[in-house]
Amino acid sequence: MAAPVNDITSPNEPFLSPADLAQATRTHVVQGRWQVSSRKLPISRASAIDAMTNRISIPVPEMIFGDNQVAIQHLPSGWAIWFDAGDALDEVDKTGQGRLQVAYASDWASSREMSSVEGIQDVRPYDWSYSTPYKGTEKPVGSSAISSASGSSRSSANTVSTTPASASTADAAAPTVNGTAPESAQDTSTILRPPPPPSPSQLASSSPSSSRLSPTTAVTSLPLDLLRRRDPIVFNDDVILYESELDDNGISVLRVKIRVMPQRLLLLSRFYLRLDNVLVRVRDTRVYVDFDTDEVLREYTAREDSFTNLQRTLASRGLRADAIMVALRDANQVADLLPVVESTMERLDLRRS
């Protein structure tokens, strides 16, 4: 029997409906105040890829998971932060400045007459490594969201599933079953989209320090002692947003992991780039939430080094050539070996919200 028109597995359905997206979204509510949700679906279909390409104005990676998402929301205030592929790719450099070249590019150019090289037109004026400084999409306190029925031009990849704040505390605090919150703690009828960009008058009248994450010097690091506790995990997920093999010259991948404990959560969004014989780059965004104090911290750390330097570092630790190649495929094995080139800390206090 043929699949229904809007069936989530139908190859003929170009866009997933809000009901399909809600069905694929796992949701967990903590202490009746915080909601965490994640969604993992297959690689985007051709029509959805075309729509995203038109929106962000650059070609997308060959493996794009446009409907995948991880979101955190503070129910009393409406503040939220989420991570999705469309917004992450929209922050990729589109000017071509500082663009990386593959290791054999100079050899290729020198082997040809200069006149023929100069006559080649650059058809990819963007960062083809898909390096993104994306730290998540933030919805400030008190800002309104656009309903999916409003006709927003944004793709379905940028939807956030939310639970009404009226969900009972008993249901909200109940543990998940196979990673899914109790049915009464979930809402599949409301899909929120990111708010429109604020006008200059709205920016002038808003208070960034009280409504959104802002830089802080009062906190210099995440509370690692609390995160090392062997607390029970009530919700966790590992969601890939996009991946590219860079025309067989390495790998570029962005994925988000989240771990929720009864008193706190930690989210890690990691971009990893390995451009063979050129560069290795890691950009980490960590979001920490304390459920008891309603404090949010966001730490961003960018690390990178030349491919050759990292190989030497791994060799100095006793790794043989084959083990070095294995390590270079795993961001977890090399991230801490790369020098830090940028680091920021932001904070938001939602206790009065």
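Here, the structure is the one placed above.
The shown structure was predicted, so the numbers you read here are calculated from the model rather than taken from an experiment. (Residues numbered from 1 in each chain as written. Predicted model: local features only at pLDDT ≥ 70, side-chain atom pairs only at ≥ 80, totals over all residues. Heavy atoms only, no water.)

Let's talk about unusual backbone geometry
The residue D248 is not glycine, and still its phi comes out positive at about 65 degrees. Note on placement: D248 falls in the loop between β11 (235–244) and β12 (250–260). By relative accessible area, D248 is classed as exposed at 65%. Look at N277: it is not a glycine, yet its phi comes out positive at around 65 degrees. Note on N277: relative accessible area 53%, which makes it exposed. (Helix = DSSP H or I, 4+ residues; strand = E, 2+ residues; numbered from the N terminus. Buried < 20%, exposed > 50% of the residue type's maximum accessible area, 1.4 Å probe, protein only.)

Here's the deal with the side chain of D290
Among the secondary structure elements, D290 is positioned in strand β14 (residues 279–290). Of the side chains bearing the opposite charge, R264 lies closest to the buried D290, which forms no salt bridge; the N-O distance is 5.1 Å. From its side chain, D290 meets the backbone nitrogen of D292 in a polar contact 2.9 Å long. (Lys, Arg positive; Asp, Glu negative; His and termini not counted. Salt bridge = Lys/Arg side-chain N within 4 Å of Asp/Glu carboxyl O. Polar contact = N/O pair within 3.5 Å; in protein donor to acceptor, adjacent residues only side chain to side chain.)

Side note on the nonpolar core
Core analysis: the largest hydrophobic core is formed by 45 residues, its most contacted members being W34, I72, L89, Y242, V260 and V296. If near-sequence neighbours (up to four positions away) are discounted, Y242 is found in contact with P61, M63, I64, F65, A88, L89, Y130, T132, S252, V253, L254 and F271. Within the second largest apolar cluster, 18 residues are counted, among which are I251, V282, F307 and L328. (Core = buried A, V, L, I, M, F, W, Y, C linked by side-chain atoms within 4.5 Å. Contact = heavy atoms within 4.5 Å.)

Brief notes about the pattern of salt bridges
Here the structure, examined in full by the defined rule, presents 15 salt bridges. Between D237 and K40 there is a salt bridge whose closest N-O contact spans 3.0 Å. With D237 in strand β11 and K40 in the loop between β2 (34–39) and α2 (46–56), this pair connects stretches of sequence that are 197 residues apart. The exposure class assigned to D237 is buried, which follows from its relative accessible area of 10%. Notably, a salt bridge pairs E346 with R298, separated by 2.8 Å at the nearest N-O pair. One end of the pair, E346, is in strand β16 (residues 340–349); the other, R298, is in strand β15 (residues 295–306), with 48 residues separating them in the sequence.

Comments concerning the sheet that holds strand β1 (residues 25–30)
With antiparallel pairing, five strands are arranged side by side in an open sheet as β1-β2-β4-β5-β6. Edge strands, defined here as strands with exactly one partner in the open sheet, are β1 and β6 (137–139). When strand polarity is set aside, the average angle formed by the axes of neighbouring strands in this sheet is 15 degrees. Where β1 meets β2, six bridges bridge the pair, whose relative direction is antiparallel. Bridge pairing in β2 links H28 to V36. (Pairing = 2+ DSSP bridges. Axes fitted to C-alpha atoms, helices over the stretch in contact; angles between N-to-C directions.)

Things to note about α2
Looking at α2, one finds that the buried residues are A48, M52 and I56. For α2, the angular spread of the buried residues around the axis is 55 degrees, confining them to a single face. In α2, the exposed positions that point more than 90 degrees away from the buried face belong to A46 and N54. Along its buried surface, α2 packs onto β3 (63–64) and α3 (85–90). Immediately beyond the C-terminal end of α2, within one or two residues, lies S57, with a positive phi of roughly 70 degrees. (Arc of directions from axis to C-beta.)

Concerning the pairing of β12
With eight of eleven residues buried, β12 lies mostly within the body of the structure. Relative to β12, β11 runs antiparallel, the two sharing nine bridges. Bridged to V239 within β12 is V256. Between the end of β11 and the start of β12, which pair antiparallel, lie five residues, with L246 showing a positive phi angle near 50 degrees. Here eleven bridges tie β12 to strand β13 (residues 264–275), and the two strands are oriented antiparallel to one another. Within β13, the residue paired with S252 across the bridge is L273. What sits between β12 and β13 in their antiparallel hairpin is a turn of three residues.

Here's the deal with the pairing of β15
Within a regular beta strand, the side chains point alternately toward one face of the sheet and then the other, so they alternate between its two faces. Burial analysis of β15 places ten of its twelve residues in the buried class, the great majority of the element. Where β14 and β15 come together, twelve bridges link them in antiparallel fashion. The residue of β15 that forms the bridge with V282 is R303. The turn linking β14 back onto β15 is made up of four residues, and D294 within it adopts a positive phi angle of 55 degrees. Pairing of β15 with β16 involves nine bridges; the strand directions are antiparallel.

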